[in-house]
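Spelled out from the first residue to the last, the chains are:
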Amino acid sequence: MPNPTLLIVDDSKMARMMVRQFVTELRPEWRLMEAISGDEALALIEKEPPEFVSLDVNMPGISGLEVAARLRLHHPEIRIVICTANIQDAVRRAAEKAGVKFVAKPITPTTIANMVTLFEE
Amino acid sequence: MNELFGAQLLDHLQSGIILLNQETQVCVWNQWMTRHTALSLEQVAAQPFAQLFPEIIATRLQDCIQQALHFKLSSILTPGLNLAILPLYKNPKAPTQRLEQLIYITPVPRYLQMACLIQIQDMTATVRRERRLRAQSSSLIATTYRDALTGVGNRRRFDHDLMAFFTDARSKQRSLALLMIDIDDFKAYNDQLGHLQGDECLTQVATVLQEGLRQRGDSISRYGGEEFALLLPDADIDLAYSIAERLRALIETANIPHPASRTKPQITISIGVSAFIPAPHQTMKTLIEQADQALYQAKDAGRNRCMAYAPFDAADFKPDVVNRAM
Amino acid sequence: MLEINELQGDALKELFNLGVGRAAHSLSMMVNDEVELSTPDILLVQASEVVTTLLGSEFSQLSMVTIDFTGTFNATAVLLFPERNALSIVSHMLDPHMLPEELSEFEQEAMCEIGNIILNACMSSLADEFQIEFEGGLPMHYFSDTDSLPLFGSQYLSHEQVVLLLQIHLTMRQEQVQGHLLFLLSVSSLNALLDCVDRYLVRLGIQ
């Protein structure tokens, strides 16, 4: 695969910066885009669909799970990893049902390494 | 105060005292604990707590002990939210039901390390009294919300439910439906057969209606006189109409004789149906007025029928009310 | 002086979300159902402005659980819900069929425990991520009206005190309730907290 693009969707600037930093350390060749809400993410994806999307769950406006569900429908080729502090089984199950992978916050080099593995597997 | 006297004082307390060291081994265990576990300090000393009570593994109690030892955080565990966690009994030699427990967990610095103090209060009597009071008040509340004659909800129940359902429907923007149900020619029934028979008839109608609703779990209320009301959360006008029609048919086929009826030789009912997703200008009163208006139309059209309220639409000159049975 | 910059606010919000995420996990195991908790907004205000800023006419009867934390910085953490909301949370946890009128002393303890879970989770996520230590006391519960909030009574307040104010949304059994998380701090404690945030951001290499 030529250099893939990862879209980072999180309302927290710090969270986006951390994902960006840890991903860059592991995969300096990846192209990175950012969105601060589900709506912005969907708009960006329509213009320029990325290979990978990392999604926060709790955001103002539409939730990450909803974004995931819509992407499964319209862009089944995009690989999605949910990255959230909401670690309940119900959320895990919802993520599984939507056919997306799941890593638990806090964002650390380890969680991001897991995320990268999930994207590439 | 010397250590021995301190230990004696602890033994006089009417609550359980346990102190765990950094490795969660038992260091202090007062008489109250011995009394309710049949385990002496000698038997438990230096044992890790989870080994002593394996039932705490992976519970909130264990989390809280760890939080106290490693983060110096205190916790409370209440009997309402936690099942009686520790195997403590009034008489541990013949254990029956566990004591209800209120547990406080606090970090205590000891020999340059963190220790964890666990205090346990017996809440059994309080919880029992609470349950008894709750049962009494529930039955009291049930009585004040029940119609004494027919056993279904009374007007107070209806008003209460209407308020709750309407608020809910408005905030969630969901439909709420109302059925106004009236027994046809009931005055004539009373006049001819007497009030006792009239009361009997009301009870029979209420029972048939309530039985007919069992599946959905909705409950009917007596709105007044021979009028009943039914609220259907989450139902749109079509669903509400079909439920109304089913109830109407149920009463007709129940075959309760009505010699004075102008409609049929048996008891029949007319039903007015209204339903909407509450818009800002619509109130609870709107829902009742629309159902009343539809009921009036059902009576006017010859009784023993259901009518759904439909807003007047000037464009195609439809009447205010549509008789869907036609 | 009285300011947190965008990145600091963002970091705190993220850390509190981590904390309430863990608390939601504990609560959901207790009720055997999904519980959602989130803290969408963070605000720094003068303690004396709290009552007007936040409470205003929105709700008058309050339920609050407080815990005192001491350590690298000292704070009184407060979980605050309109009384009706608090009662509906507790009745949902204890017995979904119970009417709020039926709640008693006994349920106040349950509210205490819920507050305990949420506030401890927030503070331990700060402690974890900042690699610092706190000591936390036992929770206390009050019912109060806004005018006589014991914590915000004038005798407790000086101009030296500030409040970190977070909205908290809790969804349990399809019902959504809103409350607030408050951290009452002295100005010097606030500065200590912000130092922790800055060091944390530096350690992560994003400041």
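Attention in this report is confined to the structure presented alongside it. Since this is a predicted model, take the numbers as computed values, not measurements. (Residues numbered from 1 in each chain as written. Chains lettered and ligands numbered in written order. Predicted model: local features only at pLDDT ≥ 70, side-chain atom pairs only at ≥ 80, totals over all residues. Heavy atoms only, no water.)

**Details of the sheet that holds strand 2 (residues 31-35) of chain A**
Residues and elements named next belong to chain A. The strand order across the open sheet built from 5 strands is 2-1-3-4-5, with neighbouring strands paired in parallel fashion. Because the sheet does not close on itself, it has two edges, and the strands there are strand 2 and strand 5 (101-104). Here the strands of the sheet are splayed against their neighbours by 20 degrees on average, with no regard to which way each runs. Strand contacts of helix 3 (residues 64-74): strand 3 (52-55) and strand 4 (79-84), with the helix running at about 175 degrees to strand 4, the strand carrying the most contacts. Seen against the sheet, helix 5 (residues 109-120) touches strand 1 (5-9), strand 3, strand 4 and strand 5 and runs at an angle of roughly 160 degrees to strand 4. (Pairing = 2+ DSSP bridges. Helix = DSSP H or I, 4+ residues; strand = E, 2+ residues; numbered from the N terminus. Axes fitted to C-alpha atoms, helices over the stretch in contact; angles between N-to-C directions. Contact = heavy atoms within 4.5 Å.)

**Structural notes on helix 3 of chain A**
All names here are of chain A. Here helix 3 has its buried residues at Gly64, Val67, Ala68 and Leu71. Seen end-on, helix 3 carries its buried residues on one side only, within an arc spanning 100 degrees. Of the surrounding elements, those touching the buried residues of helix 3 are helix 2 (38-47), strand 3 and strand 4. Where helix 3 begins, one side-chain oxygen reaches toward the backbone nitrogen of Leu65, 3.2 Å away; that side chain belongs to Ser63. (Buried < 20%, exposed > 50% of the residue type's maximum accessible area, 1.4 Å probe, protein only. Arc of directions from axis to C-beta. Polar contact = N/O pair within 3.5 Å; in protein donor to acceptor, adjacent residues only side chain to side chain.)

**Re the packing of aromatic side chains**
Under the counting rule described, the total for this entry stands at 12 aromatic pairs over all chains. Seen from their ring centres, Phe186(B) and Tyr189(B) are 5.9 Å apart, and the 10 degrees between their planes marks the pair as stacked. Highlighted residues: Phe186(B) and Tyr189(B), both in helix 8 (residues 186-193), separated by 3 residues, approximately one helical turn. Overall, Phe186(B) belongs to the buried group, its relative accessible area being 6%. Classification of Tyr189(B) as buried rests on a relative accessible area of 2%. Taking the centre distance of 4.9 Å and the plane angle of 25 degrees together, the rings of Phe16(C) and Phe183(C) count as stacked. On the criterion of sequence distance, the pair formed by Phe16(C) in helix 1 (residues 6-31) and Phe183(C) in strand 8 (residues 175-186) is long-range, its members being 167 residues apart. Counting every residue linked through ring pairs, the aromatic cluster contains Trp30(A), Phe52(A) and Phe119(A). Its end group placed over the ring of Tyr145(B), Arg157(B) keeps NZ or CZ at 4.8 Å from the ring centre. (Phe/Tyr/Trp six-rings, centres within 6.5 Å; stacked < 30°, edge-to-face > 60°. Lys NZ or Arg CZ within 6 Å of the ring centre and 35° of its normal.)

**Description of the interface of chain B and chain C**
With 27 residues of chain B at the interface, the matching set in chain C holds 28 residues. Carbon and sulfur atoms supply 60% of the area buried between chain B and chain C, which totals about 2400 Å² over both sides. When the shortest N-O distance is used, the salt bridge between Arg60(B) and Glu113(C) registers 2.8 Å. At the boundary of chain B and chain C, one finds 10 residue pairs in polar contact (both at pLDDT 80 or more). Elements with a minimum of two residues in the side of chain B that touches chain C: helix 5 (60-71), strand 3 (75-77), strand 4 (101-110) and helix 6 (124-144) of chain B. With 6 residues, helix 6 of chain B is the single largest residue contributor to the side of chain B that touches chain C. (Buried area = accessible area lost by both parts, 1.4 Å probe. Salt bridge = Lys/Arg side-chain N within 4 Å of Asp/Glu carboxyl O.)

**What about the interface of chain A and chain C?**
On the side of chain C, 25 residues touch chain A, which itself brings 19 residues to the contact. Summing both partners gives a buried area of about 1800 Å² for chain A against chain C, and 60% of it is carried by carbon and sulfur. Between chain A and chain C we count 1 salt bridge in total. Close ionic contact of Lys105(A) with Glu14(C) constitutes a salt bridge, the shortest N to O distance being 2.5 Å. Of all the secondary-structure elements, those providing two or more residues to the side of chain A that touches chain C are helix 1 (13-26) and helix 4 (89-97) of chain A.

**Observations concerning the nonpolar core**
With 84 residues, the main nonpolar core has Phe73(C), Ile118(C), Leu126(C), Phe130(C), Leu181(C) and Leu193(C) as its most contacted residues. In terms of residues, this core owes the most to one element, helix 4 (residues 105-130) of chain C, which gives 12 residues. Judged by nonpolar contacts, the second largest core, of 33 residues, contains Leu202(B), Ile220(B), Tyr241(B) and Ile271(B). (Core = buried A, V, L, I, M, F, W, Y, C linked by side-chain atoms within 4.5 Å.)

**Quick look at helix 10 (residues 237-254) of chain B**
Residues and elements named next belong to chain B. Between its first and last C-alpha atoms helix 10 spans 26 Å; for 18 residues at 1.5 Å apiece the expected length is 26 Å, and the two agree. Along helix 10, the residues classified as buried are Ile237, Ala240, Tyr241, Ile243, Ala244, Leu247, Arg248, Ile251 and Glu252. Buried residues along helix 10 sit against strand 6 (176-183), helix 9 (195-212), strand 8 (227-233), strand 9 (269-276) and strand 10 (306-309). Of the residues trailing helix 10, Asn255 is marked for its positive phi of about 55 degrees. (Expected span 1.5 Å × (residues − 1).)

**Re the environment of Val26(B)**
Residues and elements named next belong to chain B. On the secondary structure map, Val26 appears in strand 2 (residues 26-29). Spatially, the C-alpha atoms of Val26 and Cys116 are 9.6 Å apart, while their sequence positions differ by 90 residues. When sequence neighbours within four positions are dropped, the list of residues in contact with Val26 reads Ile18, Leu19, Leu20, Val44, Ala45, Ala46, Gln47, Phe49 and Leu52.

**A closer look at the pattern of salt bridges**
In total, this model carries 27 salt bridges over all chains according to the counting rule given. Overlapping salt bridges bring together Asp10(A), Asp56(A), Lys105(A) and Glu14(C) as one network.

**Quick notes on the pairing of strand 3 (residues 61-71) of chain C**
Residues and elements named next belong to chain C. Sheet topology places strand 3 next to strand 4 (residues 75-82); 8 bridges connect them, and they run antiparallel. Directly across from Leu62, in strand 4, lies its bridge partner Pro82. Between the end of strand 3 and the start of strand 4, which pair antiparallel, lie 3 residues. Where strand 3 meets strand 5 (residues 134-136), 3 bridges bridge the pair, whose relative direction is antiparallel. The residue bridging Gly71 from the neighbouring strand is Phe134, located in strand 5.

**Observations regarding a positive patch on the surface**
On the surface, Lys90(B), Arg128(B), Arg129(B) and Arg132(B) cluster together to form a positively charged patch. Looking at where Arg128(B) falls in the secondary structure, it is placed in helix 6. (Patch = residues over 30% accessible without salt bridge, like charges linked within 9 Å, V, L, I, M, F, W, Y side chains within 5 Å. Areas by Shrake-Rupley, 256 points an atom, 1.4 Å probe, with all protein chains shown as cover. Lys, Arg positive; Asp, Glu negative; His and termini not counted. Charge placed at Lys NZ, Arg CZ, Asp CG, Glu CD.)

**A word on the packing of helix 1 of chain C against helix 5 (residues 187-203) of chain C**
Residue and element names in this part refer to chain C. Two numbers describe how helix 1 lies on helix 5: the axes approach to 10 Å, and their chain directions differ by 90 degrees. Compared by their axis directions, helix 1 and helix 5 come out roughly perpendicular. Together, Leu7, Gln8, Ala11, Leu12 and Leu15 of helix 1 and Leu193, Leu194, Val197, Asp198, Tyr200 and Leu201 of helix 5 make up the contact between the two elements. (Parallel < 35°, antiparallel > 145°, perpendicular 65-115°, else oblique.)

**A short note on the sheet that holds strand 4 of chain B**
All names here are of chain B. As summarised here, the arrangement of the 5 strands in space is 2-1-5-4-3, forming an open sheet in which the pairing is antiparallel. At either end of the open sheet lies a strand with only one pairing partner, and these are strand 2 and strand 3. If you compare each strand with its neighbour and ignore which way they point, the axes differ by 20 degrees on average.

Just geometry here; none of it tells us what the structure is for.
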